[in-house]
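So you can see what is in the structure, the chains are spelled out below.
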Amino acid sequence: MLRNRFGKVVAGAATGAMLLAAAACGGGDTTEGAPSAAPTDAASSAPAAAGAKVGLAYDIGGRGDQSFNDSAAAGLDKAKAELGVEVNELEAGNGEAESAKEERLRLLADGGFNPVIAVGFAYSASVAKVAAEFPDTKFAIVDDDAAKGANISNLVFAEEQGSFLVGAAAALKSTKGDVGFVGGVEVPLIKKFQAGFEAGAKAVKPDIKIQSKYLTQPPDFSGFGDPAKGKTAAEGMFDAGADVVYQAAGGSGAGVFEAAKAAGGLAIGVDSDQAKTADPTVADVIITSMLKKVDVAVFDFIKSFTSDSVAAGPKVYDLAAGGVDYSTTGGKIDDIKTQLDDFKAKIASGEITVPKE
Amino acid sequence: MSSSFTDRLLGRVKLTGWVSLAAPLLAILFAALVTAIVLTLTGNPVIDTFITLVDYGSQPRSLVLIINNATTYYLSAIAVAVGFRMNLFNIGVDGQYRLAGLVAAAVGGAVTLPAPFHPILIILVAMLVGAAWAGIAGVLKATRGVSEVISTIMLNTIATGIGAYLLLEHWGVQLSANDIGTKPIEPSGQVSGLALIPGTQTKVFGLIFLAVAVGIGFHVLLNKTRFGFDLRATGRSEQAAVASGVNVKRMVVYAMLISGATAGLIGMPQLLGESHTYNLNFQAGLGFTGIAIALLGRNNPIGIAFGALLWGFLDVSSNILDLHKISPEIVTIMQGVIVLSVVIAYELAHRYSVVAEQKRVSRQLAGAASTTHKEGAAA
């Protein structure tokens, strides 16, 4: 017993010693692992902003989810190209501690990144806390209105309005009168997508059959990043008679498209224009996508920073402001465009109020 | 002196002598080597990465974060270790602590009590719920012989479903437009942090003492009580335990109850120390981390503490690697390699010591034989 315990002590000490040794070896001849200077576009058209270093923290999934995070990434890329800002991006890990989110923002702020952008409501408490510690740094958070402060901008979206439009599109394109909704995780945010979708479908066809399924429930957030789950859920819907399925499931959406392709059905994308971002082999099943223009919000925020006109507090990106919309890539809904634009005008003018749950 | 691989894996057979020092050293060296190879293959600078890790990991704030992570991991690993010691594979720690955290947070938010009683009530509720949820698997095994591996996996899924239903339909209040959680716990129920590490504002979880107490309790229970002896005996050999009068079925239920009660504590440091609500950010998956750390620490309370700190260090480091454009997945690879190397290194050490023992004995026998031979010749 005692000997074994001693073994552990030695093991711990050995770890430290080994790491220190490694540190000592490398101290002389190598440079510190400093953040590699992002290749800045020297010929930038906005010299005033050239000094800005933008830090961005993604939600689970990060760059490459073809959906929510990629939309934020697109805004960042645009800012880099057009405004000449330097950027650094950090990614959230699945099942990480709350302190890890906080530390991510703090590392960015501490490293001189200003502004700092947090993508996703999970950063709410962390942004509020870290923004208070760094009053001279501007923060923005996407999808959250709870974090408040003089240096916090809240970029929020009317997802239900955009979802209403694609719900109407689904009902208009469905020949069987049966459509489906696949939500990533059963959280209030995704319920807004569902509520809007259902309202839109019913506005076209009051007796339409709507199948709804969430892939996982909190605290299990794997439903936003598991294509296999999305595929199984969508297969079930197509088997049960649906012919158009809308997915609000982040990275799991790729599986929904596969299922639609296999079943000869149609699918509707989310957040990004997925007829462009999804795998080309399945992209042809995507008739439209509910655009949640996180890219516009992120770009606008960075631009306002470079022109020194950042406004704190919530900024709502709704249909009237062009923050949400539907895509027409592929020309598959050109025939119903006038009807959709009619709904769009009515929502923007307030004639139709879309429910949030 | 024969022992099964499982006995050796779960630390029921101890190494003695210098090999007990060599095994962990070998494991760490091997893990470092593999990590270096992975870093090289992925085009990352090996030395720089290690420097970055040590630099960042030794800063005061990082130390606090490491300790806080380790506190949570430690409780999880001890919960798993209680089962391991009796040959019970409690995979359900994950579901147990999530459900316990939710119910405890809801109760804690619903009532207001004088300061010392409020957190105590919350902690007791968490232990009860965790024990009850694990107890289902224990009773199923004792009465129906259902493998606890299967039943706890299923109970994990059921816990997720029940938890989501309770949170979304009953106990949840809208914390913001997109977040939902239990009613926040009043300050009387919170356990404030401790400024243990100088040079940073970040505080160590007050409930670190709870984790220490659980570790001591685990050691005392297992090694100084009759119950602990019965538990270890059942773990080594069920038939032998039955023969010596141990009621194995009752031991199964008790072990699961204790494992579950400990699991109930996992969410408490974060809940009472920082978040004060069970919301959508409640950390999931800690039960599985606990399994890895229990193996790493070979079910020994001190070993687990080192395992938990090492794991916490690696987790905390992932952000700084990401900032320096080194893929944070390196950390996950390191964690996996370390667990594997520890398992392999200890197994090698065991085999080596068995062979060494055999050689020693045969030398002695040979020596004795030759002496006899000489004596015989002399006669």
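Computed from a prediction, not measured in an experiment: that's the story for all the values here. (Residues numbered from 1 in each chain as written. Chains lettered and ligands numbered in written order. Predicted model: local features only at pLDDT ≥ 70, side-chain atom pairs only at ≥ 80, totals over all residues. Heavy atoms only, no water.)

Another aspect to go through is the nonpolar core. Residues and elements named next belong to chain A. Ranked by size, the top nonpolar core spans 187 residues in total, and within it Val 127, Phe 139, Phe 193, Tyr 246 and Ile 302 carry the most contacts. Apart from residues lying up to four places away in sequence, Phe 193 is in contact with Glu 159, Ser 163, Phe 181, Tyr 246, Ala 248, Val 270, Asp 271, Met 290 and Lys 292. By size, the runner-up hydrophobic cluster in this structure holds 19 residues, among which are Ala 242, Phe 257, Val 282 and Ile 286. (Core = buried A, V, L, I, M, F, W, Y, C linked by side-chain atoms within 4.5 Å. Buried < 20%, exposed > 50% of the residue type's maximum accessible area, 1.4 Å probe, protein only. Contact = heavy atoms within 4.5 Å.)

Our focus in this paragraph is the packing of helix 3 (residues 98-110) of chain A against helix 14 (residues 301-323) of chain B. With their axes 10 Å apart at the nearest point, helix 3 of chain A and helix 14 of chain B run at an angle of 35° to one another. With respect to the hand of their crossing, helix 3 of chain A and helix 14 of chain B are arranged in right-handed fashion. The segment helix 3 of chain A lies against helix 14 of chain B, with Ala 100, Glu 103, Arg 104, Leu 107 and Leu 108 of chain A engaging Asn 319, Ile 320 and Leu 323 of chain B. Looking at the contact of helix 3 of chain A with helix 14 of chain B residue by residue, the class counts come to 5 nonpolar, 1 polar and 2 charged. (Axes fitted to C-alpha atoms, helices over the stretch in contact; angles between N-to-C directions. Helix = DSSP H or I, 4+ residues; strand = E, 2+ residues; numbered from the N terminus. Left-handed = near helix turned anticlockwise from the far one by under 90°. Nonpolar A, V, L, I, M, F, W, Y, C, P; charged D, E, K, R; others polar.)

Now for the domain arrangement of chain B. Residues and elements named next belong to chain B. By domain assignment, chain B separates into domain 1 (1-44 + 327-372) and domain 2 (70-324). For domain 1 and domain 2, the distance between their C-alpha centres works out to 30 Å. Counting residues at the interface gives 20 residues for domain 1 and 18 residues for domain 2. Contact between domain 1 and domain 2 buries roughly 1,800 Å² in total, counting both sides, with carbon and sulfur atoms accounting for 63%. Among the residues domain 1 hides against domain 2, the three largest losses belong to Leu 10, Arg 12 and Gln 335. Together they make up 34% of the total. At the junction of domain 1 and domain 2, the tally comes to 0 salt bridges. At the boundary of domain 1 and domain 2, one finds 1 residue pair in polar contact (both at pLDDT 80 or more). Contributing elements (two or more residues each) for the side of domain 1 that touches domain 2: helix 1 (5-9) and helix 15 (329-378). When its residues are assigned to classes, the side of domain 1 that touches domain 2 shows 12 nonpolar, 4 polar and 4 charged. (Domains from an automatic or database assignment. Buried area = accessible area lost by both parts, 1.4 Å probe. Salt bridge = Lys/Arg side-chain N within 4 Å of Asp/Glu carboxyl O. Polar contact = N/O pair within 3.5 Å; in protein donor to acceptor, adjacent residues only side chain to side chain.)

Let's shift gears to a nonpolar patch on the surface. Residues and elements named next belong to chain B. Among the surface-exposed residues, Leu 26, Leu 340, Ile 344 and Leu 348 lie close enough to one another that they form a single nonpolar patch of about 380 Å² accessible area. Of the residues forming the nonpolar patch, the biggest block, 3 residues, is contributed by helix 15. One can find Leu 340 in helix 15. (Patch = residues over 30% accessible without salt bridge, like charges linked within 9 Å, V, L, I, M, F, W, Y side chains within 5 Å. Areas by Shrake-Rupley, 256 points an atom, 1.4 Å probe, with all protein chains shown as cover.)

Attention shifts here to the sheet that holds strand 3 (residues 116-119) of chain A. Residues and elements named next belong to chain A. One open sheet accounts for 6 strands, arranged 2-1-3-4-5-11; its pairing is parallel. Only two strands of the sheet have a single neighbouring strand rather than two, namely strand 2 (86-92) and strand 11 (313-317). In this sheet, adjacent strand axes meet at a mean angle of 20° when their direction is disregarded. Examined bridge by bridge, strand 3 and strand 4 (residues 139-142) share 4 bridges and lie parallel to one another. Within strand 4, the position partnered with Ile 117 by the bridge is Ala 140. Of the strands in this sheet, strand 1 (53-60), strand 3, strand 4, strand 5 (152-157) and strand 11 are in contact with helix 10 (residues 294-306), which crosses strand 5 at around 160°. (Pairing = 2+ DSSP bridges.)

Moving on: the packing of aromatic side chains. All names here are of chain A. What the rule picks out here adds up to 11 aromatic pairs over all chains. Relative to Tyr 317, the ring of Phe 157 lies with its centre 5.3 Å away and its plane at 25°, an arrangement referred to as stacked. In this pair, Phe 157 sits in strand 5 while Tyr 317 sits in strand 11, placing the two residues 160 residues apart along the sequence. Here Phe 157 and Tyr 317 have matching classes, each one buried. For the pair Phe 181 and Phe 197, a centre-to-centre distance of 6.2 Å together with 35° between the ring planes defines the contact as tilted. With Phe 181 in strand 6 (residues 178-185) and Phe 197 in helix 6 (residues 188-204), this pair connects stretches of sequence that are 16 residues apart. Accessibility classification places Phe 181 together with Phe 197 in one group, the buried group. Here the aromatic cluster, defined as three or more aromatic residues joined through ring pairs, consists of Phe 181, Phe 197, Tyr 214 and Tyr 246. The side chain of Lys 78 reaches across the aromatic face of Phe 299, ending 4.2 Å from its centre. (Phe/Tyr/Trp six-rings, centres within 6.5 Å; stacked < 30°, edge-to-face > 60°. Lys NZ or Arg CZ within 6 Å of the ring centre and 35° of its normal.)

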